[in-house]
Amino acid sequence: MSDPNPAPTGRLLSHFANRDRQQQSAGWSELWDADESQLWDRGMPSPALIDFLDSEGASRLTGTEDGRRPKALVPGCGRGYDVVMLALHGFDAFGLEVSPKAVETARDHAEKELAKPSAYSFADQDDKRLTGAAKGIVTFVCGDFFQNDWEAGCFSAGEPRGFDLIYDYTFLCALLPEMRKDWARRMKELLRPSGLLVCLEFPLYKDLTAPGPPWGLQGVHWNLLAEGGDGIVDQQTSTLATTGGQGSFKRILYIKPERSYEVGRGTDMLSVWTLKRES
Ligand SMILES: C[S@@+](CC[C@H](N)C(=O)[O-])C[C@H]1O[C@@H](n2cnc3c(N)ncnc32)[C@H](O)[C@@H]1O
């Protein structure tokens, strides 16, 4: 299936030009309120994430040690295609959005999609899960990723906090570079000790000095998660492969996915991270 939408254009750049950190959330909400989500909406869940979920590497997530359904979080989930798809794959799936209109839009989408799932949520179009069996729960929460007040909407009283899987696609690249270090800190706080952080790294073709969103991310995940840096990298250091460093995460998978969205095909990378054990 080809992308229904082209790569983001200058509209996003001009909308966010000269907005400081305090004005970012309002900026996204304005775009949702003006019905401009087509600027980034890909119209379907991530084929690369679907293939990862069906792979050996993700099989540890299908059963948690205490027999409960695994919990997944998609921060900056937009219309929630990946949230619904994760629920169809057996997760209790949570989508976080800072925009109330986005949450409303995602809830509408989920209601229709869970009643009659689209084939695009599965690699195999004859997948039995298309009948809707083995669904997890879908919840959309309105909140700011950098605050923790929304977390109460994801966990029942007494339940240990933390997600078994967190998926990032076009959330990190939507943030001002100065916010990246806090993104990594929050990911660490929100992931269970045995959980997986899955990132579909995009855009990797974009010059790191060019303005965003989307902001170019070549080398940024590695710097933030493995090296414990601030995520502000230049073209030269971004391509230096090192053995890691002071970061809290260990990269356990790094692949060019066979299937991805048209806009990132051939350049997107899928990285999967676990928390380093505290010694
Ligand atoms: C580029 S869009 C990507 C949406 C979605 N991941 C997709 O692929 O369609 C970034 C999204 O992040 C949301 N967002 C931005 N800042 C946020 C924050 N601090 N907390 C939660 N959501 C945020 C925006 O409202 C927007 O929907």
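Above: the structure in question.
To keep things clear, this report deals only with the structure shown in the data block. These numbers were taken from a predicted model, which means no experiment stands behind them.

1. Focus: the site of the ligand
The environment of the ligand is formed by 15 residues, the closest being Trp-32, Gly-76, Glu-97, Asp-144 and Phe-145. One of the backbone nitrogen or oxygen atoms of Val-98 is found 3.3 Å away from a nitrogen atom of the ligand. In this structure, a nitrogen atom belonging to the ligand sits 3.0 Å away from a main-chain N or O atom of Phe-145. For the ligand, the protein covers 95% of the area, taking 600 Å² as the surface of the free molecule.

2. Overview of the packing of aromatic side chains
Evaluation of the coordinates by the stated rule reveals 11 aromatic pairs. For the pair Phe-145 and Phe-146, a centre-to-centre distance of 5.2 Å together with 85° between the ring planes defines the contact as edge-to-face. Relative accessible area serves as the criterion here: at 15%, Phe-146 is assigned to the buried category. Taking the centre distance of 5.8 Å and the plane angle of 45° together, the rings of Tyr-169 and Phe-202 count as tilted. Linking Tyr-169 in the loop between strand E4 (163–168) and helix H6 (180–190) with Phe-202 in the loop between strand E5 (191–201) and helix H7 (220–226), this pair joins segments that are 33 residues apart in sequence. This pair shows no difference in class: Tyr-169 is buried, exactly as Phe-202 is. Members of the aromatic cluster, connected to one another through ring pairs, are Phe-16, Trp-28, Trp-32 and Trp-40.

3. Side note on the sheet that holds strand E6 (residues 249–255)
Here 7 strands make up an open sheet; going across it, the order is E3-E2-E1-E4-E5-E7-E6 and the pairing mixed. A single partner strand is all that each edge strand has here, and the edge strands are strand E3 (138–142) and E6. Ignoring strand direction, the axes of neighbouring strands in this sheet form an average angle of 20°. By the bridge criterion, 5 bridges tie strand E1 (residues 71–75) to strand E2 (residues 92–97) in an arrangement that is parallel. Residue Val-74 lies in a different strand from E2, and its bridge partner there is Gly-95. In the packing of helix H5 (residues 100–115) onto the sheet, contacts are made with E2 and E3, and the angle to E3 comes to roughly 170°. Along the sheet face, H6 touches E1, E4, E5, E6 and strand E7 (269–275) and points at about 140° away from the line of E5.

Reading the values: the criteria
Residues numbered from 1 in each chain as written. Predicted model: local features only at pLDDT ≥ 70, side-chain atom pairs only at ≥ 80, totals over all residues. Heavy atoms only, no water. Near = heavy atom within 4 Å. Polar contact = N/O pair within 3.5 Å; in protein donor to acceptor, adjacent residues only side chain to side chain. Areas by Shrake-Rupley, 256 points an atom, 1.4 Å probe, with all protein chains shown as cover. Phe/Tyr/Trp six-rings, centres within 6.5 Å; stacked < 30°, edge-to-face > 60°. Buried < 20%, exposed > 50% of the residue type's maximum accessible area, 1.4 Å probe, protein only. Helix = DSSP H or I, 4+ residues; strand = E, 2+ residues; numbered from the N terminus. Pairing = 2+ DSSP bridges. Axes fitted to C-alpha atoms, helices over the stretch in contact; angles between N-to-C directions. Contact = heavy atoms within 4.5 Å.

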